[in-house]
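# Observations on chain architecture
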Amino acid sequence: MTVSFKPIRSLLQTGTNTSSRWFSYIGLGIGVLLLLCSIQMYINIQQLLGGESPRKEGYDYISISKTITNETMGQLEKNLFNENDIKDLAAKPFVQGVSPLIANRFRVQLSAGDIIPFSTDMFLESLDNNFIDTVPPNFTWQEGQNYIPIIFSSDFLEIYNVFAPGYGLPQLSEATASQVVVYITCFTPNGEKQTFRASIVAFSDRINSIIVPKNFLNWANNTFGHTTDVKASRLYIKTKDANSPDFLSYLQQKDYKVNKDKTKFGRVKQVLQGIFSGLGIFGLLVVILALMLFSFYLQLMIARSKDNLQLLLMLGYSPNWLSRNVSKQFVPVYILVVVAALALTEVMQWAFHHFVMFDRPELSSMLHWSVLGASAVLIALSLFTNYRMVRKLLYRLV
Amino acid sequence: MQLQLQQVLPVYFESDHRTASEVWRHDLTFTKGEYVKIVAPSGSGKTSLMHFLYGLRSEYNGNILYNSGSLKSFSPEDFAGYRKDHISIVLQDLRLFPEQTVWENIELKRQLNPFHPAEKIREMAERLGIGNKLSSKCRICSYGEQQRVAIIRALMQPYDFLLLDEPFSHLDDKNSQNAMQLMLEESKLRNAAIIFADLERIDYFPFTRLFHL
C-alpha cells in the first residue's frame, strides 16, 4: 500500500499539549544520559583498576590465611585450612588454582657458618613450583641429598639489611647473598638433629617466605616432626583478577585474611562499581518513568484525535498501517534524544579522560562500544514500546 | 461476489418485526450488478442494516456473509481490506472530516485504493455543482453540499457493492437525479450492485429488486 501519511498527520491533534511532550523528551534524555554515563564510568573503573597486582602470565598470585581471633586462638585446627576449605575455594569460578603453603612442623635453626656469626630459629615453607615466580632448574632435592636449595623472599633480605649493621653483621647484595652457604639444622622433639647445607638459589618478589623443595619438607616433616598430614596455614591462590568483587566478598564471608596492598584497589573498585551500578539503575528508572509519561501523552493525543482516527478506520484505513505510521512520527525525536545524550556522554568521557585522568593510556577518550550498543538498545526499546502503545490504543477504536 | 443475509435481526428489535419485514429474519442474497431498493419507514432499522452490511456494528442475530465469509469473524484488518476494495458507502450522517477541505476529504479516500486519478475529483465536483467548494473546509459547507462530498468520496474506490443510506435527504430533485446518474454510471463501470435504502420510493432509481424493511 503506497498510501501517503502526509494528509493524515494534520488529523492527529498534537498542538495543545506540547509541554507534557517536551517534559517527557527531557526526562527521557536525562535518564538515557545517566544510564550511558554510568555504563561508561563502570567500564572506566574496570580499565583503570583491572591490573594492579604482580602478575605472571596475566594471573594474580596472592596468599590468604585464616584470621586468628580471640575465639580461635590456640585452636590450631581452626586456624588451618583443611581439605574441604581448599576444595571449596578451588571450585570457585574466580580461582584458577590453589596451592597450600606447607610449613615446617619441627624446630629449624639457621646459621651462617663461620663467615657471618649469625644464627636464628626460623621457618621453612613449601609450595607448588608453578606458583613461584622464579624457579631455577637446580631447585630440586632428593632423599639423601645434603644440600638444600632455597628461594628467599626479597623482602626478608631487605629486612636483614636494615637490622644487620646494628648487630655488627655485613649488609648483603642479592648476588652475595646467593653465594653464602648457610646451615639448616632440623631438630626432632627429642632433641635429635641433622644439619644440611643450603644456599639461596633465587629471590622472590611474590612470596613472603623461605621456600624449600616440596619433597624435602614432606620428608622432613615426616622424619623430624613425625607427621605426614600437615595442614596449611596459608594458601596461595592463582586468580585472573585479585580485585574481582566476587573474590573479595567470598574472602570476606569466609573471614580469610589477605594481603591488603594487593586488594586495596579491589575494595575501591567494589565501592565505585556499587555507586555507578546504583546510578545506572536510577538512570534506568528515569528512562522507564519518561517512557510512561510519554505513553500518557500518546493516550491523550489519541483520545483527542479519536473521532478522526475512527473515521479513518471507517474509511478502510488499516489499523496496522495507521499504528505503524503514527508511531513512526516519533522515530526522529527518539533518535535525536538518544543521540544527544550519547554526544553529552562522549563530552563527559573526553573531559574525564583529559582533565581528571590526564590522558592516562589505560583509558580512551572515545566511548566504549557497549555504550553505543546500549543506546541502540534504548532507541529500539522506546520505538517498540511506542508502537505497542499506539497499536493497542488504535485497536481499541475499531 | 455475493452479499448474503441469513436470518439477520438486530438484537435490540422486538420479535414482531419478524412478520412485518421482508428483510429481517429472511435469507437474502445480493449479487453484483443488481439494483436493490429498500423502502424503510423511520425506525425500521434502515441505518442499522447499512451499518451491519458495512461492518460498523455487529449487534445482530443471524449472519451476514460476504463471499461466504461471515462478517462476524472478520478481523479489524479484514474490515480495512473489505472497505477499501469491495464495499463503499454513503452514510446518512455523512462522516466527513470537518476541519479538512472538500478536496482533502475526497483525496483521503481516493489515495487508499485509487480507482480514479486525482483529476476526477474536480470533474465530479463540477458535475454535482460543488466545483467551487473544493478548497472550503467541510465544516462550513451546507448539509446538501456535504452530502454530495460524501457521494463523490464513495465513488473514488473500487467496489462490488455501493450502500446508500438516504443519500439525497438534503438535495433537491435536480441535484438528486444528477447524483443518481453519476452513481449509476460509476457502478456500471465496476459492474457493481447498489443497495439503496430510503424512506420512500424514488422514481429515478431503476431498481431490479424491491424490499420493504
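Residues numbered from 1 in each chain as written. Chains lettered and ligands numbered in written order. Predicted model: local features only at pLDDT ≥ 70, side-chain atom pairs only at ≥ 80, totals over all residues. Heavy atoms only, no water.

### A word on the overall build of chain A
Looking only at helices and strands, chain A features 13 helices and 12 strands. A buried classification covers 47% of the 398 residues belonging to chain A. Within the structure as shown, chain A displays about 20100 Å² of accessible surface, and the carbon and sulfur contribution to it stands at 60%. (Helix = DSSP H or I, 4+ residues; strand = E, 2+ residues; numbered from the N terminus. Buried < 20%, exposed > 50% of the residue type's maximum accessible area, 1.4 Å probe, protein only. Areas by Shrake-Rupley, 256 points an atom, 1.4 Å probe, with all protein chains shown as cover.)

### Some remarks on the sheet that holds strand 7 (residues 161–165) of chain B
The pairing of strands in a sheet happens through backbone hydrogen bonds and is either parallel or antiparallel. Residues and elements named next belong to chain B. Reading across from one edge, 6-7-8-3-9 is the order of the 5 strands in this open sheet, with parallel pairing throughout. The sheet is open, and its two borders are formed by strand 6 (87–90) and strand 9 (209–212), each paired with just one other strand. Strand-to-strand twist across the sheet, computed as the mean angle between neighbouring axes with direction ignored, equals 15°. Pairing analysis gives 4 bridges linking strand 3 (residues 35–39) to strand 9, with the strands arranged parallel. Note that in strand 9 the partner of Val 36 across the bridge is Arg 209. Contacting strand 3, strand 6, strand 7 and strand 8 (193–198), helix 2 (residues 46–54) crosses the sheet at an angle of about 155° to strand 7. Contacting strand 3, strand 7 and strand 8, helix 7 (residues 173–190) runs over the sheet at an angle of about 150° to strand 8. (Pairing = 2+ DSSP bridges. Axes fitted to C-alpha atoms, helices over the stretch in contact; angles between N-to-C directions. Contact = heavy atoms within 4.5 Å.)

### Quick word on the side chain of Ser 318 of chain A
Structurally, Ser 318 of chain A is set in the loop between helix 10 (306–315) and helix 11 (319–328). Judged by its relative accessible area of 8%, Ser 318 of chain A falls in the buried class. A polar atom in the side chain of Ser 318 of chain A sits 2.4 Å from the side chain of Glu 77 of chain B. (Polar contact = N/O pair within 3.5 Å; in protein donor to acceptor, adjacent residues only side chain to side chain.)

### Quick look at the interface of chain A and chain B
Taken residue by residue, the interface counts 20 residues in chain A and 18 residues in chain B. Across the chain A to chain B interface the summed buried area is about 1700 Å²; carbon plus sulfur atoms make up 66%. Broken down residue by residue, the surface that chain A buries against chain B is led by Leu 311, Met 314 and Leu 315 of chain A, which jointly contribute 38%. Taken together, chain A and chain B are joined by 8 residue pairs in polar contact (both at pLDDT 80 or more). Considered class by class, the residues forming the side of chain A that touches chain B number 14 nonpolar, 6 polar and no charged. (Buried area = accessible area lost by both parts, 1.4 Å probe. Nonpolar A, V, L, I, M, F, W, Y, C, P; charged D, E, K, R; others polar.)

### Re the pairing of strand 3 of chain B
Residues and elements named next belong to chain B. Of all 5 residues in strand 3, 5 are buried, a share of seventy percent or more. Alternating residues of strand 3 divide into Tyr 35, Lys 37 and Val 39 and Val 36 and Ile 38, and every residue in both groups is buried. Relative to strand 8, strand 3 is paired through 5 bridges, and the arrangement is parallel. Bridging across to strand 8, Tyr 35 finds its partner in Ile 194.

### So, the sheet that holds strand 5 (residues 69–70) of chain B
All names here are of chain B. Strand order in the open sheet made by the 4 strands is 2-1-4-5, with antiparallel pairing throughout. Two strands close off the open sheet at either side, each with one partner strand: strand 2 (27–31) and strand 5. Note that strand 1 (residues 2–10) and strand 2 share 5 bridges and pair antiparallel. Bridge assignment links Leu 3 to a residue of strand 2, and that residue is Phe 30. Its contacts with the sheet put helix 2 on strand 1 and strand 4 (60–66), and the angle it makes with strand 1 is roughly 130°.

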